[in-house]
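# Coordinate inspection notes
The lines below spell out each chain.
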Amino acid sequence: MSPTELDTQAPPFAEPHVADQTADVALIVNGRALRLVIDPRVTLLDALREHLQLTGTKKGCDHGQCGACTVHVGGRRVLSCLTLAAAAQGQSITTIEGLAESDRLHPMQQAFIDCDGFQCGYCTAGQIMSAVALLQEPCGPDDDDVRESMSGNICRCGAYPGIVAAVQAVRGRRR
Amino acid sequence: MVAIRYETPRSVSEAVRLMAADPGARVLAGGTDLLVQFRTGVRQPSAFVDIKRIPELMSIAIDAHGLRLGAATPAAVIGEHAELRRLWPGLAESVRLIGSTQIQGRGSVGGNLCNASPAADTTCALIVNRAECVIAGPNGERTVPVEAFSIAPGRTVLQPGELLVAIRVPRPAARTSDAYLRLIPRTEMDIAVAGAAASVTLDAAGLCTTARVAIGAVAPTALRVPAAEQALVGSRLDEASLKRAADAASAAARPIDDKRGTTAYRRTVAGVLTRRAAAIAAARAREQGSHP
């Protein structure tokens, strides 16, 4: 089943509804100022994927347990499935698509490749967004500190050793 | 599904007006509980009242009297606040245990209280620190101690039109510290099987003069345990008094059996966590005494 089919199976709100209220939402996504007129119930995740065609951010559990949908809002990592797009009004949002500079991958993206930090890849965008945010957070130096800080991102393939190695490789270069 | 409004008040009075005008409206802070409930059909609000654009609800202020924590301030901001972590290390610990770092990026202490889960991580730590809820409503402001804020799982004392605007915590006395511990089957991202917080004050000779103990996830609401506090006061917080406090906490617990743990297990764990939390709070208070 392709990811597209998966998405249409789980629309944001399955019941038909009449929205006589819409939200006019201005967002800065990966440096681009955008405007959306949407139902206020639309999550940031669905706004990114369905309205802005930024499908790099993945929908995993869609209720805050898996971390696949992690993006940065106002410089902090959040779960886009538990953030309404309207609540991000005026904010600067960074998704996985916003990390690389033209052909040059973000060091964390490169480190995930170099350290085998993924297998199927479905959780990877969220893992990398968390890992990039971690670099700015008060996270201790040890592997265990990284594991704790990354505990909101679940990897069903079990690529955790590679993920920790990737994060530590980037942090090592920064020290 | 009917349409829903999205309101973005800029002041507490505007938020109160919106809440009072529509009994079906729900306050939206971080949304990390509300959106899950909304999308599983547990709650069907007629409007979201987004309070994160009200500056006083998004602030941390510490002065000679203590802490005033804006109800919608993200947990991540609280957990990184050095002065707050120094004065209330146990409270800071409890905030940093909520969900994941991403959940903490939006979730708030006010939301943790208003969601009124018996297992909420911040409740016990707030109770032992004598925290009060500042509630705004159509008839003005009132305060309620945190231990009286939740009245049942998912229910609080908030009346129609009211919202939680801040949590106030008095500044701790000299040689006072706190701790919070919880047990979960994973090490992260789970809901407490049981939790316990303690705050102790020592005199210059190291005797415990005041103690507060609260336990979570072992009753419909978090419980203060006066018998455990009495076991600690007057002692040097030695093993014998810690054991008595643990026994008192186990006796006060009235947990349910569910998939997270049996009644007997939760009762035992509540005691163990009480003993350990009191020991950690005592060590922290002694540490303060040695570096006045």
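Conventions we followed
- Residues numbered from 1 in each chain as written.
- Chains lettered and ligands numbered in written order.
- Predicted model: local features only at pLDDT ≥ 70, side-chain atom pairs only at ≥ 80, totals over all residues.
- Heavy atoms only, no water.
- Helix = DSSP H or I, 4+ residues; strand = E, 2+ residues; numbered from the N terminus.
- Buried < 20%, exposed > 50% of the residue type's maximum accessible area, 1.4 Å probe, protein only.
- Contact = heavy atoms within 4.5 Å.
- Areas by Shrake-Rupley, 256 points an atom, 1.4 Å probe, with all protein chains shown as cover.
- Pairing = 2+ DSSP bridges.
- Axes fitted to C-alpha atoms, helices over the stretch in contact; angles between N-to-C directions.
- 1 Å grid on protein atoms, 1.4 Å probe; cavity = no way out; pocket = protein on both sides within 12 Å on 5 of 7 lines; lining within 4 Å.
- Points joined across faces, edges and corners; volume = space filled by probe spheres on them.
- Nonpolar A, V, L, I, M, F, W, Y, C, P; charged D, E, K, R; others polar.
- Buried area = accessible area lost by both parts, 1.4 Å probe.
- Salt bridge = Lys/Arg side-chain N within 4 Å of Asp/Glu carboxyl O.
- Polar contact = N/O pair within 3.5 Å; in protein donor to acceptor, adjacent residues only side chain to side chain.

### As for the overall build of chain A
On a plain count of helices and strands, chain A comes out with six helices and five strands. Scanning chain A from its N terminus toward the C terminus, one meets helices and strands in the order α-β-β-α-β-β-β-α-α-α-α. Among the 175 residues that make up chain A, the fraction classed as buried is 50%. Long-range pairs, those at least 24 residues apart, make up 56% of the contacts in chain A between residues at least 6 apart in sequence. Accessible area for chain A stands at about 8,400 Å²; split by element, carbon and sulfur atoms hold 50% of it.

### Quick word on the sheet that holds strand β6 (residues 132-137) of chain B
Residues and elements named next belong to chain B. Ordered by their spatial adjacency, five strands build an open sheet running β4-β5-β10-β6-β7, and the pairing between neighbours is antiparallel. Of all strands in the sheet, those with a lone pairing partner are β4 (60-62) and β7 (140-145), marking the two edges. The mean inter-strand angle of the sheet, taken between neighbouring strand axes irrespective of direction, is 20 degrees. Summarising the sheet, β4 and strand β5 (residues 66-70) pair through three bridges and their orientation is antiparallel. Bridged to Ile62 within β5 is Leu67.

### Regarding the layout of surface pockets
Volume-wise, the second largest pocket comes out at about 440 Å³. Every residue lining the second largest pocket is counted, 21 residues in all, and those nearest its centre are Pro138(A), Glu148(A), Ser149(A), Arg96(B) and Thr101(B). A per-element tally of the lining of the second largest pocket places helix α5 (residues 143-149) of chain A first, with three residues. Class assignment for the residues of the lining of the second largest pocket results in four nonpolar, eight polar and nine charged.

### Remarks on the interface of chain B and chain A
Residue-level contacts link 29 residues of chain B with 40 residues of chain A. Surface buried jointly by chain B and chain A totals about 2,800 Å² across both partners, of which 59% is contributed by carbon and sulfur atoms. Of the charged contacts, one joins Arg39(B) and Asp62(A) as a salt bridge, the two residues approaching to 3.0 Å between their closest N and O atoms. Counting across the interface, chain B meets chain A through nine residue pairs in polar contact (both at pLDDT 80 or more). Put simply, the parts of the chain that give the side of chain B that touches chain A at least two residues each are β1 (5-7), α2 (34-39), β3 (47-50), α3 (75-79) and α6 (101-106) of chain B. For the side of chain B that touches chain A, the element with the most residues is α6(B), which contributes five residues.

### So, the pairing of strand β2 (residues 25-28) of chain B
For a regular strand, the rule is simple: side chains alternate between the two faces of the sheet. Here β2(B) runs beside β3(B); their pairing, made up of four bridges, is parallel. Residue pairing for β3(B): Val27(B) is matched across the bridge by Val49(B).

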